[in-house]
Amino acid sequence: MGWEEKQVCGYSEFVETAQRYHGRPIFVLFCGDKDAEGRSWCPDCVTAEPVVRRELHNMPDESVFIYCLVGDRAYWKDPNNEFRKNLKLTGVPTLLKYGTPQKLVEEECFKAELVRMLFTED
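Residues numbered from 1 in each chain as written. Predicted model: local features only at pLDDT ≥ 70, side-chain atom pairs only at ≥ 80, totals over all residues. Heavy atoms only, no water.

**Examining the pairing of strand β4 (residues 94-97)**
Stage number 1. Of the two faces of β4, the one holding T94 and L96 and the one holding L95 and K97 are both buried throughout.
Stage number 2. Note that β4 and strand β5 (residues 103-105) share three bridges and pair antiparallel. Within β5, the residue paired with T94 across the bridge is V105.
Stage number 3. Taken together, β4 and the strand that follows it, β5, pair antiparallel across an intervening segment of five residues, in which G99 is found at a positive phi of about 85°. (Buried < 20%, exposed > 50% of the residue type's maximum accessible area, 1.4 Å probe, protein only. Helix = DSSP H or I, 4+ residues; strand = E, 2+ residues; numbered from the N terminus. Pairing = 2+ DSSP bridges.)

Following this line, the structure appears as structure tokens:
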């Protein structure tokens, strides 16, 4: 396996992890928090996660895949939360190539061919 996965919760853990792997290709899937049964409050995240995971093998060697939980629904809906303010996220799920403008938002994450393109194109 030429890539690794890190799971983080919240903005500060995300920033810390992204900084730790600076210089490597970093792909991030932002999703709503999960409950005790492992179900996200975000139905689109539930749909997107398996699609994205099936395409992970297309990431370049040395890539890091960060699975980031953005918080509960109330926090996410706050227009001043750190993900919205600092990363300009507009919806979850969002899959992005960190440090680039390339990203897929909400229903775009359901399309395997778009996910594959994000992972494979410079």
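**Observations concerning the side chain of S40**
Stage number 1. Mapped onto the elements of the fold, S40 is located in the loop between β2 (26-31) and α2 (43-55).
Stage number 2. A polar atom in the side chain of S40 sits 3.1 Å from the backbone oxygen of G32.
Stage number 3. For S40, the side chain forms a polar contact with the main-chain nitrogen of C42, separated by 3.0 Å.
Stage number 4. Excluding anything up to four places from it in sequence, S40 contacts G32, D33, K34, C45 and V46. (Polar contact = N/O pair within 3.5 Å; in protein donor to acceptor, adjacent residues only side chain to side chain. Contact = heavy atoms within 4.5 Å.)

**Overview of the packing of aromatic side chains**
Stage number 1. Counting across every chain of the model gives five aromatic pairs.
Stage number 2. When the ring of Y11 is compared with that of F83, the centres are 5.6 Å apart and the planes differ by 85°; the resulting orientation is edge-to-face. With Y11 in helix α1 (residues 11-20) and F83 in helix α4 (residues 82-87), this residue pair connects regions lying 72 residues apart in the sequence. A single burial state applies to Y11 and to F83, both of which are buried.
Stage number 3. Ring geometry for F27 against F119: centres 5.0 Å apart, planes inclined by 85°, an arrangement best described as edge-to-face. Highlighted residues: F27 in strand β2 and F119 in helix α5 (residues 112-120), separated in sequence by 92 residues. Across the pair, F119 and F27 agree in class, each one buried.
Stage number 4. An aromatic cluster is defined as three or more aromatic residues linked by ring pairs; in this entry it consists of Y11, F14, F30, F83 and Y98.
Stage number 5. Sitting over the ring of Y67, R53 keeps its end group 5.3 Å from the ring centre.
Stage number 6. The side chain of R84 reaches across the aromatic face of W76, ending 4.2 Å from its centre. (Phe/Tyr/Trp six-rings, centres within 6.5 Å; stacked < 30°, edge-to-face > 60°. Lys NZ or Arg CZ within 6 Å of the ring centre and 35° of its normal.)

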